[in-house]
Amino acid sequence: MTGPDPVSLWHRLADTSVLLDGFHALKHAVRFGADVPVAVAVDRGAALALAEELAPDVRDTLDALLTQVPESTYASLVPRPHPTAVAALAVRPSRAAHLERLAHTPRTAPVVVLDNPRNLGNAGAVIRLAAGFGATGVVTTGTLDPWHPTVVRAGAGLHFATAVERLTVAELPPGPVFALDPEGDDIRGVKLPDDAVLAFGSERSGLSPELRARAGHLVALPMRPQVSSYNLATSVAMTLYHWSLGGS
Ligand SMILES: C[S@@+](CC[C@H](N)C(=O)[O-])C[C@H]1O[C@@H](n2cnc3c(N)ncnc32)[C@H](O)[C@@H]1O
């Protein structure tokens, strides 16, 4: 084992930190500037070999961060082992800084709003999409914690590449709200502006009445009759892709 005792550091920080579960989450978090006070691997050499192969840009940072621990120690630190047997804790970014970024205008890329999402995997997939498209942020309403470890795992650590916060509908960032709903106007005829707030309904019940009341536009994704709706994350993917094309 090298470096300061990572296990006691882990126990000291775990309750207030973001769990980075697996090599890819750690890689993305480091790449996008996360503060990572502790990182462990069952096979440090294998983790660094993976970094050399897949992420040479962060290899040296991981070399400095990773401490090798026995498999039983690793297993005691994480809720369920990841195939890469790598885990780390990151400092959760400041909510105040995120709120400032979300509220900042003029905006060069939309904010994605998930209105009362229920599925942790969907939320993570949406954060990954938002990171990929360079969205300003992802806001959730309702009770789901968008920083829940399962969401961070599904988001592959890309929470650090965008601004992720939970707000109420009344607190949504400024900007024209385009709410996605199968009853709306065909998106193929709609230009989504860079300052758009793109809102998506819950997997169970769609858009809430509060969100509908805030929406200036209802927009539909093309869908054959008799199909009720698309999955939430795939709806976000199509909408961000449409925004990225720029035209109507
Ligand atoms: C799984 S759907 C919600 C289905 C839900 N049972 C309902 O009553 O609307 C989740 C969200 O994805 C978006 N969505 C799904 N299919 C869509 C479509 N064809 N057009 C626009 N938005 C869609 C909407 O924002 C919707 O609220």
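Residues numbered from 1 in each chain as written. Predicted model: local features only at pLDDT ≥ 70, side-chain atom pairs only at ≥ 80, totals over all residues.

The name an unreviewed UniProt entry assigns to the chain is TrmH family RNA methyltransferase, from the organism Streptomyces doebereineriae.

Draft legend 1. Looking closely at the nonpolar core. By size, the foremost hydrophobic cluster in this structure holds 72 residues, and its most contacted members are Leu20, Val112, Val113, Val126 and Ala199. Per-element accounting of this core gives the leading share, 7 residues, to helix α7 (residues 120–133). Split by domain, the residues of this core number at least three in each of domain 1 (6–91) and domain 2 (95–245). If near-sequence neighbours (up to four positions away) are discounted, Ala199 is found in contact with Val113, Asp115, Val177, Ala179, Leu180, Leu207, Leu211 and Ala215. (Core = buried A, V, L, I, M, F, W, Y, C linked by C-beta atoms within 7 Å. Buried ≥ 20, exposed ≤ 12 C-beta atoms within 10 Å, placed from the backbone. Helix = DSSP H or I, 4+ residues; strand = E, 2+ residues; numbered from the N terminus. Domains from an automatic or database assignment. Contact = placed C-beta atoms within 7 Å.)

Draft legend 2. Structural view of the site of the ligand. Looking at the ligand, there are 17 residues lining it, with Leu180, Gly201, Gly206, Leu221 and Ser229 nearest. When contributions to the shell around the ligand are tallied by element, the ones reaching two or more residues are β8 (177–186) and α10 (232–245). Looking at the shell around the ligand, the element that brings in the most residues is β8, giving 3 residues. Of the residues assigned to the shell around the ligand, the class counts are 9 nonpolar, 6 polar and 2 charged. (Near = placed C-beta within 6 Å. Nonpolar A, V, L, I, M, F, W, Y, C, P; charged D, E, K, R; others polar.)

Draft legend 3. Layout of the pairing of strand β1 (residues 17–21). Where burial is concerned, most of β1 is hidden: 4 out of the 5 residues are buried. Where β1 lies against strand β4 (residues 86–91), 5 bridges are found, and the strand directions are antiparallel. From the neighbouring strand, Leu20 faces β4, where its bridge partner is Ala88. (Pairing = 2+ DSSP bridges.)

Draft legend 4. A look at the pairing of strand β9 (residues 197–200). A two-sided burial pattern is seen for β9, the buried positions comprising Val197 and Ala199 on one face and Leu198 and Phe200 on the other. Two strands pair when backbone bridges link them, and strand β5 (residues 111–115) and β9 are joined in this way by 4 bridges, in the parallel orientation. By the bridge assignment for β9, Val113 is matched with Ala199. Pairing of β8 with β9, which is carried by 4 bridges, proceeds in the parallel orientation. Across the sheet, residue Ala179 finds its bridge partner in β9, namely Ala199.

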